[in-house]
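The primary structure of each chain is shown beneath.
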Amino acid sequence: MSQRPLFFRVLFLALGLIFIGRLFYLQVYRDDLKLSARNNVVRQERIYPGRGLIYDRDGQLLVGNQSAYDLMVIPHQIEPADSADLARLLRISHADFKRRLEKARRYSSLKPSVFMRQISDDHFAQIREYLHRFEGFFPQKRILREYQYPHAANVLGFIGEASDRFIRTNAHYHPGDLIGKSGIEKSYEEVLRGKTGVRYKMVDVHNRVKGAFKGGVYDTLPRPGSDLTSTIDIELQRYGEALMQNKRGSIVAIEPATGEILSLVTAPSYDPNLLVGRERSKHYSELYADSLNKPLYDRGLLAQYPPGSPFKVINALVALEEGAITPRTSHVCHHGFHWGRLHVACHCGTNYPLDLIKGISKSCNNYFCRIFKSTIESYPTAQEGLNAWSEKVKSFGLGQFLNNDLPTGRRGFVPSASYFDKAFGYKGWKAVSVISLAIGQGELVLTPIQMANMTAAIANRGFYYTPHIVKEIDGAPLAADNPLQEKKETLVDSSHFPVVIKAMRKVFETGTARWSAHDSIPMCGKTGTAQNPHGQDHSIFIAFAPPENPQIALSVVVENGYWGSRWAAPIASLMMEKYLTGEVDRPRLEKRMLEGDLREQYQADLEARLERARKRREKQKDSTDA
Amino acid sequence: MRNYGNVFRELDYTTLLLWVLIMFLGWLNIYSAVFDPEYASILDMNQRYGKQLLWILTALGIMFLILLIDSSVFYTLAYPIYGLSLLSLVLVLFLGAEISGARSWFVIGGFSLQPSEFAKAATALALARFLSGYQRDLRRFSHQLMALGLAFLPALLIVPQPDLGSVLVYTAFILVLYREGLPSLYLVIGFALILVFVLSLLVPLPYLYGGLGFLTILLLVLGRRQRGNGWKVLGVMVLCGLTVQSVDFTFNNLLEDRHRNRINILLGKAEDPQGIGYNTHQSMIAIGSGGLKGKGYMEGTQTKYDFVPEQSTDFIFCTVGEEWGFLGTSALVLLYLVLFFRLMIVAERQRSSFARAYGYGVLCILFLHFGINIAMTIGLAPVIGIPLPFFSYGGSSLWGFTLLLAIFLRLDAGRTLSL
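Residues numbered from 1 in each chain as written. Chains lettered and ligands numbered in written order. Predicted model: local features only at pLDDT ≥ 70, side-chain atom pairs only at ≥ 80, totals over all residues. Heavy atoms only, no water.

Colleague: Would you take a moment to explain the overall build of chain B for this structure?
Modeller: Looking only at helices and strands, chain B features 18 helices and three strands. When contacts within chain B are restricted to residue pairs at least 6 apart in sequence, those whose partners lie at least 24 apart make up 70%. When the accessible surface of chain B is totalled, it reaches about 18700 Å², and 67% of it is carbon and sulfur. (Helix = DSSP H or I, 4+ residues; strand = E, 2+ residues; numbered from the N terminus. Contact = heavy atoms within 4.5 Å. Areas by Shrake-Rupley, 256 points an atom, 1.4 Å probe, with all protein chains shown as cover.)

Colleague: Sorry, what's going on with the overall build of chain A here?
Modeller: Within chain A, the secondary structure is distributed over 22 helices and 21 strands. Taken over 626 residues, chain A has a buried fraction of 52%. In the form shown here, chain A has an accessible surface area of approximately 29200 Å², with 50% of it arising from carbon and sulfur atoms. (Buried < 20%, exposed > 50% of the residue type's maximum accessible area, 1.4 Å probe, protein only.)

Colleague: Can you help me understand the nonpolar core in this one?
Modeller: Across soluble globular proteins, nonpolar side chains have a tendency to be buried as a group. Counting residues in each nonpolar core, the largest one holds 114 residues, and the members touching the most others are F317(B), F340(B), Y358(B), F370(B) and F390(B). Discounting residues that sit within four places of it in the chain, F390(B) has contacts with W19(B), I22(B), M23(B), L366(B), L398(B), F401(B), T402(B) and L405(B). Within the second largest apolar cluster, 101 residues are counted, among which are Y239(A), I314(A), L437(A) and L444(A). (Core = buried A, V, L, I, M, F, W, Y, C linked by side-chain atoms within 4.5 Å.)

Colleague: Please explain the packing of helix α6 (residues 115-131) of chain B against helix α18 (residues 395-413) of chain B as it appears in this structure.
Modeller: Think of two packed helices as two axes; the pair is described by the angle between the axes and how far apart they sit. Residues and elements named next belong to chain B. Running from amino to carboxyl end, α6 crosses α18 at an angle of 20°, the nearest separation of the two axes being 7 Å. As summarised for this structure, α6 and α18 are arranged roughly parallel, according to the angle between their axes. For the pair α6 and α18, the crossing hand works out as right-handed. Contact with α6, carried on its side by E117, F118, K120, A121, A124 and L125, involves S396, S397, W399, G400, F401, L403, L404 and I407 of α18 and no other residues of that element. Here the contact of α6 with α18 is built from residues that sort into nine nonpolar, three polar and two charged. (Axes fitted to C-alpha atoms, helices over the stretch in contact; angles between N-to-C directions. Parallel < 35°, antiparallel > 145°, perpendicular 65-115°, else oblique. Left-handed = near helix turned anticlockwise from the far one by under 90°. Nonpolar A, V, L, I, M, F, W, Y, C, P; charged D, E, K, R; others polar.)

Colleague: Honestly, the sheet that holds strand β19 (residues 524-530) of chain A in this entry has me stumped. Any pointers?
Modeller: Residue and element names in this part refer to chain A. Strand order across the open sheet formed by five strands is β12-β11-β21-β20-β19, with antiparallel pairing between neighbours. Two strands close off the open sheet at either side, each with one partner strand: β12 (260-267) and β19. Within this sheet the neighbouring strands show an average axis-to-axis angle of 10°, counted without direction. Sitting on the sheet, helix α20 (residues 568-581) is in contact with β11 (249-255), β12, β19, β20 (538-545) and β21 (552-558), with an inclination near 150° to β21. (Pairing = 2+ DSSP bridges.)

Colleague: It is not clear to me how the confidence of the model for chain A should be interpreted in this structure. Could you clarify?
Modeller: As a general rule, the predicted coordinates of low-pLDDT regions are not to be interpreted in detail. For chain A, per-residue confidence averages 86 on the pLDDT scale, and residues scoring 70 or more make up 95% of the total. Between the elements of chain A, mean pLDDT differs from a low of 63, seen in helix α2 (residues 32-41) of chain A, to a high of 95, seen in helix α18 (residues 448-459) of chain A. (pLDDT = per-residue confidence, 0-100.)

Colleague: Honestly, the packing of aromatic side chains in this entry has me stumped. Any pointers?
Modeller: Given two aromatic rings, one states the distance between the centres and the angle between the planes to describe the pair. For the coordinates displayed, the defined rule picks out 39 aromatic pairs over all chains. Centre to centre, the rings of Y297(B) and W324(B) are 5.8 Å apart; their planes meet at 25°, and the pair counts as stacked. Pair noted here: Y297(B) is in the loop between α14 (278-288) and α15 (301-304) and W324(B) is in helix α16 (residues 316-348), with a separation of 27 residues, a long-range link. The partly exposed category is assigned to W324(B), whose relative accessible area is 36%. Taking NZ or CZ as reference, K294(A) lies 5.0 Å from the ring centre of Y297(A), over its face. Sitting above the plane of the F463(A) ring, K487(A) keeps its charged end 4.2 Å from the centroid. (Phe/Tyr/Trp six-rings, centres within 6.5 Å; stacked < 30°, edge-to-face > 60°. Lys NZ or Arg CZ within 6 Å of the ring centre and 35° of its normal.)

Colleague: Looking at this model, I keep getting lost on the sheet that holds strand β2 (residues 102-108) of chain B. Mind explaining?
Modeller: Residue and element names in this part refer to chain B. In spatial order, the strands read β1-β2-β3; together these three strands make up an open sheet with antiparallel pairing. One side of each edge strand has no neighbouring strand; the edge strands of this open sheet are β1 (97-99) and β3 (111-113). For this sheet, the mean inter-axis angle between neighbouring strands, taken without regard to orientation, is 50°. Pairing of β1 with β2, which is carried by three bridges, proceeds in the antiparallel orientation. Bridging from a neighbouring strand, E98 pairs with R103 of β2. Across the sheet, helix α5 (residues 78-95) is in contact with β1 and β2; its angle to β2 comes to roughly 90°.

Colleague: How should the pairing of β20(A) be read in this particular structure?
Modeller: Each regular strand displays side chains that alternate between the two surfaces of the sheet. All names here are of chain A. Burial analysis of β20 places eight of its eight residues in the buried class, the great majority of the element. Here β20 shows two buried faces, one formed by H538, I540, I542 and F544 and the other by S539, F541, A543 and A545. Sheet topology note: the β19/β20 ladder contains seven bridges and is antiparallel. The partner of T529 across the bridge, within β20, is S539. Inspection of the sheet shows β20 paired to β21 by seven bridges, in the antiparallel sense. Counted as the bridge partner of I540 is V557 from β21. Counting the residues in the hairpin turn of β20 and β21 gives six residues, including N549, whose phi is positive at 55°.

Colleague: When you look at the pattern of salt bridges in this model, what are you seeing that I'm missing?
Modeller: Opposite charge on two side chains makes pairing possible when the charged atoms of those side chains draw close. All names here are of chain A. A full pass over the atoms with the stated rule returns 33 salt bridges over all chains. Among the ionic pairs, R57 bridges to E255, the shortest N-O distance being 3.5 Å. Taken as a pair, R57 in the loop between β2 (54-55) and β3 (61-73) and E255 in strand β11 lie far apart in primary sequence, 198 residues in all. In this structure R57 comes out as buried when scored by relative accessible area, which is 17%. Its relative accessible area of 14% is what places E255 among the buried residues. (Salt bridge = Lys/Arg side-chain N within 4 Å of Asp/Glu carboxyl O.)

Colleague: Can you help me understand unusual backbone geometry in this one?
Modeller: A negative phi angle characterises most non-glycine residues, just as the trans form characterises most peptide bonds. In this structure, the amide linkage connecting A267(A) to the following residue, P268(A), adopts the cis form with an omega of -5°. Position of P268(A) relative to the elements: it lies in the loop between β12 and α11 (280-289). The backbone of H335(A) shows a phi angle near 50°, a positive value even though the residue is not glycine. Take H335(A): its relative accessible area is 69%, and that puts it in the exposed class. The phi dihedral of F390(B) is positive, around 70°, even though this residue is not glycine.

Colleague: Explanation requested: helix α7 (residues 141-158) of chain B in the structure shown.
Modeller: Because an α-helix completes one turn every 3.6 residues, residues spaced three or four positions apart along the sequence face the same direction. In a regular helix each residue adds 1.5 Å, so 18 residues correspond to 26 Å; α7(B) covers 26 Å between its end C-alpha atoms and thus fits that length. Within the sequence span of α7(B), burial applies to H143(B), Q144(B), A147(B), L150(B), A151(B), P154(B), A155(B) and I158(B). (Expected span 1.5 Å × (residues − 1).)

Colleague: Can you help me understand the pairing of β12(A) in this one?
Modeller: Residues and elements named next belong to chain A. Within β12, eight of the eight residues are buried, which leaves the element mostly enclosed by the surrounding structure. Bridge count between β11 and β12: seven bridges; the pairing is antiparallel. Note that in β12 the partner of S250 across the bridge is T266. In this structure, the hairpin formed by β11 and β12 is closed by a connection of four residues, where G259 is found at a positive phi of approximately 80°.

Colleague: How should I be thinking about a nonpolar patch on the surface in this particular structure?
Modeller: On the surface, L84(B), L87(B), V90(B), L91(B), F94(B) and L95(B) cluster together into a nonpolar patch covering about 610 Å² of accessible area. Residue classification places L87(B) among the partly exposed residues on the basis of a relative accessible area of 47%. (Patch = residues over 30% accessible without salt bridge, like charges linked within 9 Å, V, L, I, M, F, W, Y side chains within 5 Å.)

This is how it looks when you write it as structure tokens:
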């Protein structure tokens, strides 16, 4: 019997140890319970600042902010009796109301979720004073963009909610945050967004706010985003978009002295206000689905074309720099270039010796094939020759990324020796094997912005500044050490440029663009017809004006436009006139460009392509049957 | 009237001190748990801390009064008091107010009285008297039956309220009986049945029967030397088998949904931190978030913002955990252990078996409350609503425990005199 008390002592000690052990486990060992406690109790409220505004180069407001309100709900707190009244106020059906509420409930009964997205300013103003009557509903202010002009959609871009995947890798963003998705909104996202403020509130188990957490000591104030001054001239942009209506292609206009992009037109485009607010997703899907027109695709930055004849100017400059030719080097065109079994056609219509200036202004293929061959063959091997050529071509900003402040771009392609070594085998090729490069065809592809940039380099007589889209942040110009401010020298000495520029002047005076010339404004340019294996050739034109002290350099591409002087040259000319004088006094030309409609052409091309595809499939079927 | 000087000289002040200390600490924590800045006055009778202060003061009064009563009174009145408590338990089923789905309280004026709290003390007295009877021998089956009947009759009356927590506390008396001579076999059976009970909820039945069968064979082989062992083993195993079956039946058919759910959640078979397992989950969060040193007095966020339900009563331990951390909780656990060891010493030094049996009654009741309450808050037991003695808010429970303890202290103070 006397050992019975021992049982009790053991029992007490054992239980005591078990408890202390468990307490140790819960309180000292485990960390997650402390975190759970924190989550229970502190609610983070984000305060969104105003997003930075965007102006054009003359201070016109392009993008402003407008408020919209999301209606949030905490299902646990609502009074069921209110639903009919509130549905009426929100202008939705009772069934819709129920559906939304169900969705919120499924997410969480105690946590707030979005009941109705982006109620417009006006609508909200009407219902705001009644909202407080409805337990469990509260508004959350949102900042949306307001685009002042229905232009420059591709330049400015748009904003949308950050995706889950993005949020996971970027601690700065939280679900529901808006982020730039394209254009300046995207490439300057960090500058425009400012800093979100945070308010920490204590909440009880029913999610009711009980006060500020630790007296607000962890709260932070929001910082508004910085305003941007873009390099775009909105008047010129508007004009360019008008000239390009009902056509496909692009216009890229640059101020040569600074590299500032005056205008970046892609056609077809869209009204940027379509991608704002509640309808944004729907409109985006529609625009995205238009795979023929591709309005969301910025052709000026992304479309790659073989440049065609405009590239001849570059070849001329490289040939001069290499000493392979002088301005007086002449060749006679016999309806093209012929070498052995190789024939390159030419439609310059001349049969007398052409010097450099005439060769450019008449755009003679034979001339350029010959000088290209001379350029390459001035080196002991084709490899060395082509590499030297490639290097100088690339120094005009071609065949590589421009590394500017635009969110997207393509590299283009300027081949060098290694490319052809792989294709033909080492020492398996010569200058004539790659002769299409002479006339801007073959493997060579450029983007329109690259073409505009090289034009600017020519206008500057041998250097350029990286084309960029923003010139000031919060009124302050770009810093001196900003890489966009770096002067980039081409590998062609400035002494070689005047003769080429004179030739480009002649293009307007007597050459292929003479129908686009202006009687008092001197202009320089070069027409081009880029071969298009899938349909009609593209109409290309590069130009700058005035020849002395150039203010604007541009490239125009009109897809399937037959030949350069038909569409691209007149458009380029009108753009330059508009920019230099502020108005246009060639109403008939202007009218013809504005009214120019290539849609039937595009439709015909499409049908032809479908027809070809159908024939191919039939042939395949026949061959397998047989 | 005896010499009161004697009483106060022989009184066990250690226990008294521990009692006051625990009450005071309990009050501090209640203050923090229920604190409302608008009603900061400690004397505000509308707030629980104000009321608890009143209960504590009155409890001191009760203690004093009981100490004045002659100790033989308790012996004499043991059975009548017991009878009265049985009556009150029956009456409350008809006259009691329905609170939280149970009829456990009499409501008189602004105050409520819970008869099951006082019935514990009455049962301890009656049982002690029974056990101290001449020629009482718990090795005799008839006496075993009577003792168990005496101990569990009140429990039976509490079942219909329903208040399963209080019912559970009556198992404490088995421990008392064990101290007073109940054969250990009962304890072994008791533990075995509990084990089997829990296992039958966790382990699929076929495995369980297989295990029992194997164990039976093993024990028969081991115990074949001693005659009669075989029957004992078979008897126990049959009992286990029956238990397994009845558990299954009870669990699915007799227990209510909420009990099932609570048990399932405890066993890890179900998960719902926002549902019925919510209490335990929140409680563990509150306690766990205290860390080593706690967040400081009055600084518990889980407490302040009502994340733990029944904070001032059943889950008062959470406040300790959150605000005083591991140091605080283990200190409190140790404090109770000191109380229990002290009570054991006092009980063992009694010359009369009545006083000793009663003492163990007090000890075991307090111990069981302590064990279940704390285990529940730290997730080792399902949520069973019983208070932490002297610590939780509640007039009836505080008076009930105080009464329980006071009688024992009085009996102890008179131990040097013959009864």
